[in-house]
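# Structural features, examined
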2 protein chains.
Amino acid sequence: MAGTVHERLKDCLVTGSKADKALASYILAKLNTIPFETAASLGAKVAVSEPTVGRFCRTLGYKSFKDFKDALRGDIGDRPWLIADRLKDFQARMLSGGDALAQGLQLEIAGLVAVYELAQSEEWRRAVRRLASAAAVHVAGFQTERGMAQFFANQLQYLRDRVHLLDLAGGNFSELLLTDTANSCLVIFEARRYSRMAPLLAREAREAGVPVILITDAFCDWGRDLVDEMFVVSTEFNMFWDSTAQMASLTNLMMNSVFIELGPGVEARMNRLSQLYSKFTGYVGDPSGPVR
Amino acid sequence: MAGTVHERLKDCLVTGSKADKALASYILAKLNTIPFETAASLGAKVAVSEPTVGRFCRTLGYKSFKDFKDALRGDIGDRPWLIADRLKDFQARMLSGGDALAQGLQLEIAGLVAVYELAQSEEWRRAVRRLASAAAVHVAGFQTERGMAQFFANQLQYLRDRVHLLDLAGGNFSELLLTDTANSCLVIFEARRYSRMAPLLAREAREAGVPVILITDAFCDWGRDLVDEMFVVSTEFNMFWDSTAQMASLTNLMMNSVFIELGPGVEARMNRLSQLYSKFTGYVGDPSGPVR
DNA sequence: CCAGGATTGAAATAAAACTTTCAAAGCGTC
DNA sequence: GACGCTTTGAAAGTTTTATTTCAATCCTGG
């Protein structure tokens, strides 16, 4: 049997034996609590023995009750979502061949949902207000997260003035710490293995009265008490190393929020910036560029 | 200790030992996946032993790890936390009010699936082989895609030698075009509005016999006949401007492919690079860093 | 720098969760 | 009602998961 967990269970409602039907029915009704159950506890609830639960999972095509729970963990459901069919293709491949790629995709989708959920938090609104209203915004990232910091800074520069990318090149962070820090703020991108610089910088900034926004992974145990807002994105997608790609999605979502916070007035700035780019460098197909 | 699971964990962030903080922090960040974990699997994720997880739960006032999970069930049990249900939430919002956030998520998921599909194409394999075997790799990005180029370059540098980030700072691209171009290649990140520089650079590179890989959006009409491999990511997620965030996912996926192509030998390089970082800058919690 | 408590992991042990085996019960068919 | 097939649970066995014990290590405060 193939397909999502939902589908298999529904099939089972029709084709299964009495015990199977009872199990499928109960599981569908109480999906939320299933991961907390064991084969025995579930069996007890449905008035069925433990081995029957195991057999049921095997009928469904899973190796064991445990395997079934794991499938639930990444299951996207059978929503008539725009991409459902293509997604199912991937899932099918995963189930047949243990395709690492398909598994990674599921994890990444789950992470993405989490990022979008973050955007609804109070913490998010606070960070957005800060980014929109601070006198200056400094952005830092270390190792492979340097690019993320750059990406964030470049985008924010379209929306507002006084956005600066910090880097390690000078060996100190005087750009942030030795200027007027009143009402400025700091954004740090960092993931495992954390550079010694990240908490150091966060601590210094805090001591200078500069609020800190940290975008990081789930393993960061030094951030909570050192920063004002902390956003955690998923980084484990079944790849040979952790991926910080979702920091880009978060960045983008945050830019959108800042844009909304700033109001339509920013468009003037954006146009002006484009004009400047056009004047000095030029766009494709833009006759007003510097050279033809 | 008393209170909800959430409260206890937060207390623990302040009062707990190092391992306890790491555990509390991780659990708070990934509450949704905890029901699927065992003490051992959780321990592995935060680099802590199995008994420590058990003790941690007891410190928190629970009888065992199992007891802790049961408490969690009561605490988060009624709010949706399976991906399927959380997605359903977003979808419902989209259908009811045309919620911008929900719509964005839907589009972004679809885009992500498309990126993963790209990773199975012949074109992808070609690009990967190229990135793994070229004598040198140059990476360029313009405007807000500079960060993406940097991100790509920084990651690839972990895997191989001779990766260079090009930029407009010098006003020419001699780093690529005036050195020995034999068997080198160029990667360009670019999205609307395209910098005049992008096609210019691509053309020059091609004339110099340098193959070009282009990562861009769906509107790029100048790329096809100017580059060897072209990867198109979705950029329209219902935001006030296009987002190139998925270029990061693509980059990550590509790094994974290059890693596989290069074989396990790269690990030596990666370790060496980490050692260097440790020596000159240092990691959090790494006593062998340059200063304590 | 050192003593003493706190923290931690390895190994051993205990407990639990799950599977297998097997016999009995259910159920449709002749 | 007997036959054969399927389904099920009890009991025993196996594997996985959690706890205990204990020695090593790490802090902390003198």
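With that settled, consider the overall build of chain A. A count of helices and strands for chain A gives 13 helices and five strands. In terms of overall size, chain A is more extended than a compact globule, its C-alpha atoms giving a radius of gyration of 25 Å where 292 residues would be expected to give roughly 19 Å. Each of the three principal axes of chain A carries a C-alpha extent, and together these read 75 × 50 × 35 Å. Residue burial in chain A is summarised as follows: out of 292 residues, 57% are buried. Contacts in chain A between residues at least 24 apart in sequence constitute 63% of all its contacts with a sequence separation of at least 6. About 12,000 Å² of surface is accessible on chain A, with carbon and sulfur atoms providing 52% of the total. Placing the 33 positive and 34 negative side-chain charges of chain A at their respective mean positions leaves the two points 4 Å apart.

Domain boundaries in chain A define domain 1 (5–79) and domain 2 (123–280). The centre of domain 1 of chain A, based on its C-alpha atoms, is set 44 Å off from the matching centre of domain 2 of chain A.

Residues and elements named next belong to chain A. When you line up the elements, Leu 176 lands in helix α10 (residues 174–177). Considered as a pair, Leu 176 and Glu 122 are 54 residues apart in the sequence and their alpha carbons are 27 Å apart. Ignoring anything within four residues of it in the chain, the contact list for Leu 176 reads His 138, Leu 166, Thr 181, Ser 184, Leu 186, Leu 201, Ala 205 and Val 210.

Around DNA strand D sit 21 residues in total, of which Ala 19, Thr 52 and Lys 66 of chain A together with Ala 39 and Ser 64 of chain B are the nearest. Take the atoms of DNA strand D that sit within 4 Å of the protein: sugar and phosphate atoms are 63% of them. With respect to DNA strand D, the side chain of Arg 55 of chain A contributes an N or O atom lying 2.8 Å from a base nitrogen. Where the surface near DNA strand D is concerned, the elements lending two or more residues are α2 (18–29) and α4 (50–59) of chain A together with α3 (39–45) and α4 (50–59) of chain B. At five residues, the largest contribution of residues to the surface near DNA strand D is made by α4 of chain B. Along the lines of polarity and charge, the residues of the surface near DNA strand D split into eight nonpolar, six polar and seven charged.

Turning our attention to the protein's contact with DNA strand C. By nearness alone, 19 residues border DNA strand C, and Ala 39, Glu 50 and Ser 64 of chain A together with Thr 52 and Arg 55 of chain B come closest of all. The sugar and phosphate moieties of DNA strand C supply 64% of its atoms located within 4 Å of the protein. Separating a phosphate oxygen of DNA strand C from a backbone N or O atom of Ala 39 of chain A is a distance of 2.4 Å. One of the side-chain nitrogen or oxygen atoms of Ser 17 of chain B is found 2.8 Å away from a phosphate oxygen of DNA strand C. For the surface near DNA strand C, the elements supplying multiple residues, two or more each, are α4 of chain A together with α2 (18–29) and α4 of chain B. Per-element accounting of the surface near DNA strand C gives the leading share, five residues, to α4 of chain A.

Looking now at the interface of chain A and chain B. Counting from both sides, the interface comprises 90 residues of chain A and, opposite them, 87 residues of chain B. If you look at where chain A meets chain B, you find three salt bridges. Where Glu 37 of chain B meets Arg 73 of chain A, a salt bridge forms, and the shortest distance between an N and an O atom there is 3.1 Å. Our count for the contact surface shared by chain A and chain B stands at 23 residue pairs in polar contact (both at pLDDT 80 or more). Among the elements of the structure, α5 (65–74), α6 (84–97), α7 (100–118), α9 (146–159), α11 (197–207), α12 (246–262) and α13 (266–280) of chain A are those that each provide at least two residues to the side of chain A that touches chain B. Each residue belonging to the side of chain A that touches chain B can be placed in one class, and the counts come to 48 nonpolar, 22 polar and 20 charged.

Residues and elements named next belong to chain A. Running from N to C, helix α8 (residues 122–133) and α12 point in directions that differ by 65 degrees, and their axes come no closer than 9 Å. α8 and α12 meet at a crossing whose hand is right-handed. For the pair formed by α8 and α12, the contact residues are Trp 124, Ala 127, Val 128, Arg 129, Leu 131 and Ala 132 on the first element and Leu 250, Leu 253, Met 254, Ser 257, Val 258, Glu 261 and Leu 262 on the second. Class assignment of the residues belonging to the contact of α8 with α12 gives a composition of ten nonpolar, one polar and two charged.

Looking now at α7 of chain A. Each α-helix turn comprises 3.6 residues. Residues three or four places apart therefore point the same way. For α7 of chain A, built from 19 residues, the straight-helix expectation of 27 Å at 1.5 Å per residue is met to within 8% by its first-to-last C-alpha distance of 27 Å. Judged by how many residues are buried, α7 of chain A sits mostly within the fold: 14 of 19 residues are covered.

Our next topic: the pairing of strand β4 (residues 212–216) of chain A. Residue and element names in this part refer to chain A. Burial runs high along β4: five of the five residues are buried. Across the two faces of β4 the burial is the same, with Val 212, Leu 214 and Thr 216 and Ile 213 and Ile 215 all buried. Judged from the four bridges that link them, strand β3 (residues 184–189) and β4 form a sheet pairing that is parallel. By the bridge assignment, Phe 189 is partnered in β4 with Ile 215. With α11 bridging β3 and its parallel neighbour β4, the resulting β-α-β unit is right-handed.

Turning our eyes to something else, we now look at the packing of aromatic side chains. Scanning the model with the defined rule gives 24 aromatic pairs over all chains in all. Ring geometry for Trp 124 of chain A against Phe 231 of chain A: centres 5.5 Å apart, planes inclined by 70 degrees, an arrangement best described as edge-to-face. Taken together, the residues span a long stretch of sequence, with Trp 124 of chain A in helix α8 and Phe 231 of chain A in strand β5 (residues 229–232) at a distance of 107 residues. Per residue, the accessibility class of Trp 124 of chain A equals that of Phe 231 of chain A, and both read buried. Between Phe 240 of chain A and Phe 259 of chain B the ring centres are 3.7 Å apart and the planes differ by 10 degrees, which places this aromatic pair in the stacked class.

What follows concerns the sheet that holds strand β5 (residues 229–232) of chain B. Residue and element names in this part refer to chain B. Spatially, the five strands line up as an open sheet ordered β2-β1-β3-β4-β5, and their pairing is parallel. Two strands bound the open sheet, and with one partner strand each, they are β2 (163–165) and β5. If you compare each strand with its neighbour and ignore which way they point, the axes differ by 15 degrees on average. One ladder, built from three bridges, connects strand β1 (residues 136–141) with β2; its direction is parallel. Residue pairing in the sheet places Val 137 in a bridge with Val 163 of β2. Contacts from helix α9 (residues 146–159) reach β1, β2 and β3 (184–189), with the element oriented near 160 degrees to β1.

Bringing the nonpolar core into the picture now. Leu 131 of chain A together with Leu 131 of chain B are the most contacted members of the largest nonpolar core, which has 105 residues in total. Setting aside residues up to four positions removed in sequence, Leu 131 of chain B forms contacts with Val 137, Phe 152, Leu 156, Arg 160, Cys 185, Val 187, Ile 213, Met 254 and Val 258 of chain B. In this structure, Val 46 and Ala 205 of chain A together with Phe 36 and Tyr 283 of chain B belong to the second largest nonpolar core, which totals 75 residues.

Procedures and definitions
- Residues numbered from 1 in each chain as written.
- Chains lettered and ligands numbered in written order.
- Predicted model: local features only at pLDDT ≥ 70, side-chain atom pairs only at ≥ 80, totals over all residues.
- Heavy atoms only, no water.
- Helix = DSSP H or I, 4+ residues; strand = E, 2+ residues; numbered from the N terminus.
- Rg over C-alpha atoms; globule rule 2.2 N^0.38 Å.
- Buried < 20%, exposed > 50% of the residue type's maximum accessible area, 1.4 Å probe, protein only.
- Contact = heavy atoms within 4.5 Å.
- Areas by Shrake-Rupley, 256 points an atom, 1.4 Å probe, with all protein chains shown as cover.
- Lys, Arg positive; Asp, Glu negative; His and termini not counted.
- Charge placed at Lys NZ, Arg CZ, Asp CG, Glu CD.
- Domains from an automatic or database assignment.
- Near = heavy atom within 4 Å.
- Polar contact = N/O pair within 3.5 Å; in protein donor to acceptor, adjacent residues only side chain to side chain.
- Nonpolar A, V, L, I, M, F, W, Y, C, P; charged D, E, K, R; others polar.
- Salt bridge = Lys/Arg side-chain N within 4 Å of Asp/Glu carboxyl O.
- Axes fitted to C-alpha atoms, helices over the stretch in contact; angles between N-to-C directions.
- Left-handed = near helix turned anticlockwise from the far one by under 90°.
- Expected span 1.5 Å × (residues − 1).
- Pairing = 2+ DSSP bridges.
- Right-handed = clockwise from strand over helix to strand, strands pointing away.
- Phe/Tyr/Trp six-rings, centres within 6.5 Å; stacked < 30°, edge-to-face > 60°.
- Core = buried A, V, L, I, M, F, W, Y, C linked by side-chain atoms within 4.5 Å.

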